[in-house]
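One-letter residues, chain by chain:
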Amino acid sequence: MQNTNMPIFDAMVDNFNRQISYLRVSVTDRCDFRCTYCMSENMTFLPRKDLLSLEELARLCSVFIQKGVKKLRLTGGEPLMRKNIMQLVETLSAHLETGALEELTLTTNGSQLHRFAQPLADFGVKRINVSLDTLNADKFAKVTRWGKLEQVLDGIAHALNAGLKVKINAVALKNFNEHEIPAMMQWVHERGMDFTLIETMPLGEVDEDRTDQYLPLSQVRKQLEEKFTLEEISYKTGGPARYLKVHETGGRLGLITPLTHNFCESCNRVRLTCTGTLFMCLGQEDAADLRAVLRSSDDDHVLSQAIDAAIMRKPEGHDFIIDRQHKRPAVSRHMSMTGG
Ligand code: SAM
Ligand code: SF4
């Protein structure tokens with residue numbers, strides 16, 4: 001029997017000598033929420049015929065794993081809204097069993113966790129990220145437009161009960177949650193979860209003005225330092241967050257600062273959409289169509305070669321910028337398409 005631990009295709013190393021070991025897969029562009037910084041209220045979603053089937057997604061992911069992907073994150077849209085998503089989780093979990101894949105994880109809005117937390121844990125998922133921007137039910141309804149806080153809190157409780165490690169991700173939003181962040185961090189840490197703050201990124205047209213939403217994390221950090229002792233630590237999860245230890249709570253605080261701190265030099269990841277488009281950088285338009293290649297041949301070597309050609313085009317970095325002169329998004333596609 002073939003040893004699935006051994007990569008059988010070439011590893012992915014780009015022109016800047018960065019080895020790609022992290023794949024994010026957006027399994028759907030659809031979502032049951034309409035977060036104001038992520039989507040407009042009237043989104044047009046992709047026609048279903050353009051989507052890769054779960055089997056096609058599994059095949060593509062397997063090739064990436066055989067090319068050295070060690071960490072795979074399912075995202076979206078809302079990944080748990082994709083019909084029969086657990087079939088894909090089950091297929092991918094086989095790669096965890098062989099050791100070819102070290103970590104299978106997902107980013108979710110939490111609305112379906114009451115149904116899926118236990119099956120995820122059963123399929124070998126150890127950690128998940130749940131996005132939550134406020135603990136105030138009215139504000140939650142406002143920022144997600146369609147979400148219910150209670151349902152998400154119930155989902156988080158199910159995840160913790162199932163033994164999953166949970167990281168809460170919050171987007172820092174000016175005049176929305178900036179004064180709530182210290183209390184939120186305390187709430188998260190009291191429950192043994194990690195807390196990560198994200199700056200808004202200029203991705204896709206939304207109904208609101210992004211300059212009104214943007215809150216630099218350098219400012220949030222100063223505010224937190226008035227109450228808490230923050231110490232930089234070397235903890236890493238393979239993602240772009242830098243971590244601080246919060247002495248008073250004993251918990252960890254992650255900061256993702258694409259705008260104030262450029263993290264491109266250590267970028268180890270690429271993103272695959274539900275249509276089989278590979279984006280080599282979240283902040284650039286260039287992409288490779290792997291769906292056409294996948295459907296043109298049953299030979300995975302052909303796919304591997306197409307991936308290699310794409311990786312060689314991975315750019316050195318992004319150029320996000322939000323200011324009064326640049327009100328348009330840096331990139332026209334929404335985060336829900338590429339996956340966060
Ligand atoms: N629906 C899932 C969720 O909300 O966790 C997964 C997909 S969502 C696109 C992934 C992450 O991207 C979420 O934490 C969300 O807050 C974040 N996000 C969406 N649009 C963003 C933007 N324009 N800037 C920064 N973060 C954004
Ligand atoms: Fe949906 Fe996640 Fe985007 Fe909110 S951030 S609209 S939950 S995809």
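Residues numbered from 1 in each chain as written. Chains lettered and ligands numbered in written order. Predicted model: local features only at pLDDT ≥ 70, side-chain atom pairs only at ≥ 80, totals over all residues. Heavy atoms only, no water.

1. Remarks on the overall build of the chain
Moving on, step 1. The number of helices and strands found in the chain is eleven helices and twelve strands.
Moving on, step 2. Considering the chain as a whole, with its 340 residues, one finds that 57% of them fall into the buried category.
Moving on, step 3. Counting only contacts in the chain whose residues sit at least 6 apart along the sequence, the fraction spanning at least 24 positions is 73%. (Helix = DSSP H or I, 4+ residues; strand = E, 2+ residues; numbered from the N terminus. Buried < 20%, exposed > 50% of the residue type's maximum accessible area, 1.4 Å probe, protein only. Contact = heavy atoms within 4.5 Å.)

2. Details of the site of ligand 2
Moving on, step 1. Cys31, Phe33, Cys35, Cys38, Met39, Gly77 and Asn109 make up every residue found near ligand 2.
Moving on, step 2. Here the residues of the shell around ligand 2 are counted per class, giving five nonpolar, two polar and no charged. (Near = heavy atom within 4 Å. Nonpolar A, V, L, I, M, F, W, Y, C, P; charged D, E, K, R; others polar.)

3. What about the pairing of strand S9 (residues 252-256)?
Every other side chain in a regular strand lies on the same face of the sheet, so the side chains alternate between the two faces.
Moving on, step 1. The element S9 is extensively covered by neighbouring structure, given that four of its five residues are classed as buried.
Moving on, step 2. In terms of strand pairing, strand S6 (residues 194-198) meets S9 through four bridges, oriented parallel. Note that in S9 the partner of Phe195 across the bridge is Leu253.
Moving on, step 3. Where strand S8 (residues 242-246) and S9 come together, four bridges link them in antiparallel fashion. (Pairing = 2+ DSSP bridges.)

4. Some points on the site of ligand 1
Moving on, step 1. In the vicinity of ligand 1, 17 residues are found, and the nearest of them are Tyr37, Gly77, Thr108, Ser131 and Met201.
Moving on, step 2. Tyr37 is positioned such that a nitrogen or oxygen atom in its side chain is 3.1 Å from an oxygen atom of ligand 1.
Moving on, step 3. Compared with its free state, where it exposes 550 Å², ligand 1 has 95% of that area covered by protein.
Moving on, step 4. Of the residues belonging to the shell around ligand 1, the class tally is five nonpolar, nine polar and three charged. (Polar contact = N/O pair within 3.5 Å; in protein donor to acceptor, adjacent residues only side chain to side chain. Areas by Shrake-Rupley, 256 points an atom, 1.4 Å probe, with all protein chains shown as cover.)

5. Describing the sheet that holds strand S2 (residues 71-75)
Moving on, step 1. One open sheet accounts for twelve strands, arranged S7-S8-S9-S6-S5-S4-S3-S2-S1-S10-S11-S12; its pairing is mixed. Single-partner strands in this sheet number two, and they are strand S7 (230-233) and strand S12 (287-289). The average angle at which neighbouring strand axes cross in this sheet is 25 degrees, direction not considered.
Moving on, step 2. Of the strands in this sheet, strand S1 (22-26), S2, strand S10 (269-272) and strand S11 (277-279) are in contact with helix H1 (residues 54-66), which crosses S1 at around 170 degrees.
Moving on, step 3. Contacts from helix H2 (residues 85-98) reach S2 and strand S3 (103-108) within the one sheet, and its direction differs from that of S3 by about 150 degrees. (Axes fitted to C-alpha atoms, helices over the stretch in contact; angles between N-to-C directions.)

6. Comments concerning the packing of aromatic side chains
Ring pairs (aromatic) are described by centroid distance and by the angle formed between their planes.
Moving on, step 1. Taken as a whole and judged by the stated rule, the model has two aromatic pairs.
Moving on, step 2. Aromatic side chains Phe33 and Phe140 sit 5.9 Å apart centroid to centroid with 85 degrees between the ring planes, which places their arrangement in the edge-to-face category. One end of the pair, Phe33, is in the loop between S1 and H1; the other, Phe140, is in helix H4 (residues 137-144), with 107 residues separating them in the sequence.
Moving on, step 3. Given the relative accessible area of 6%, Phe33 is considered buried.
Moving on, step 4. For the ring pair Tyr235 and Tyr243, a centre distance of 4.9 Å and an interplane angle of 80 degrees mean the geometry is edge-to-face.
Moving on, step 5. Of the residues examined, Tyr243 reaches a relative accessible area of 2% and is grouped as buried. (Phe/Tyr/Trp six-rings, centres within 6.5 Å; stacked < 30°, edge-to-face > 60°.)

7. Here's the deal with the pattern of salt bridges
One side chain can pair with another of opposite charge once the charged atoms of both are near each other.
Moving on, step 1. Across all of its chains, the model carries 15 salt bridges by this definition.
Moving on, step 2. Taking the shortest distance from any N to any O, the salt bridge between Glu56 and Arg295 comes out at 2.8 Å. Taken together, the residues Glu56 in helix H1 and Arg295 in helix H9 (residues 290-296) connect sequence positions 239 residues apart.
Moving on, step 3. Given the relative accessible area of 18%, Glu56 is considered buried.
Moving on, step 4. We note a salt bridge from Arg221 to Glu232, for which the minimum N-O separation is 3.1 Å. Of this pair, Arg221 sits in helix H8 (residues 217-225) while Glu232 sits in strand S7, and the two are eleven residues apart along the sequence. (Salt bridge = Lys/Arg side-chain N within 4 Å of Asp/Glu carboxyl O.)

8. Things to note about the packing of H1 against helix H10 (residues 300-311)
Moving on, step 1. It is the contact of H1 with H10, at a shortest axis distance of 10 Å, that shows an interaxial angle of 65 degrees. Taken together, the axis directions place H1 and H10 in an arrangement best described as roughly perpendicular. Relative to H10, the crossing made by H1 is right-handed. Contacts between H1 and H10 involve Arg59, Leu60, Val63 and Phe64 from the first element and Asp300, Leu303, Ser304 and Ile307 from the second. (Parallel < 35°, antiparallel > 145°, perpendicular 65-115°, else oblique. Left-handed = near helix turned anticlockwise from the far one by under 90°.)

9. Considerations on the nonpolar core
Moving on, step 1. Counting residues in hydrophobic clusters, the biggest one holds 97 residues, and the most contacted among them are Phe64, Leu72 and Phe195.
Moving on, step 2. Considering every element that reaches this core, the biggest residue donor is H1, with eight residues.
Moving on, step 3. Those residues in contact with Leu72, other than ones at most four positions away along the chain, are Leu23, Val25, Cys61, Ile65, Leu92, Leu101, Glu103, Leu104 and Thr105. (Core = buried A, V, L, I, M, F, W, Y, C linked by side-chain atoms within 4.5 Å.)

10. What about H1?
Note: α-helices contain 3.6 residues per turn, so residues at a spacing of three or four share the same orientation.
Moving on, step 1. Between its first and last C-alpha, H1 extends 18 Å over 13 residues, near the 18 Å set by a 1.5 Å rise per residue.
Moving on, step 2. Of all 13 residues that make up H1, twelve are buried, and the element is covered over most of its length.
Moving on, step 3. By the burial criterion, the buried members of H1 are Leu54, Glu56, Leu57, Ala58, Arg59, Leu60, Cys61, Ser62, Val63, Phe64, Ile65 and Gln66.
Moving on, step 4. Of the residues one or two after H1, Gly68 is the one with positive phi, at around 105 degrees. (Expected span 1.5 Å × (residues − 1).)

11. Side note on the confidence of the model for the chain
Moving on, step 1. Across the chain, the average pLDDT comes to 90, with 89% of residues at or above 70.
Moving on, step 2. Note that residues 1-5 has pLDDT below 50 and, in this model, seven contacts with residues that lie over four places away or in other chains. (pLDDT = per-residue confidence, 0-100.)

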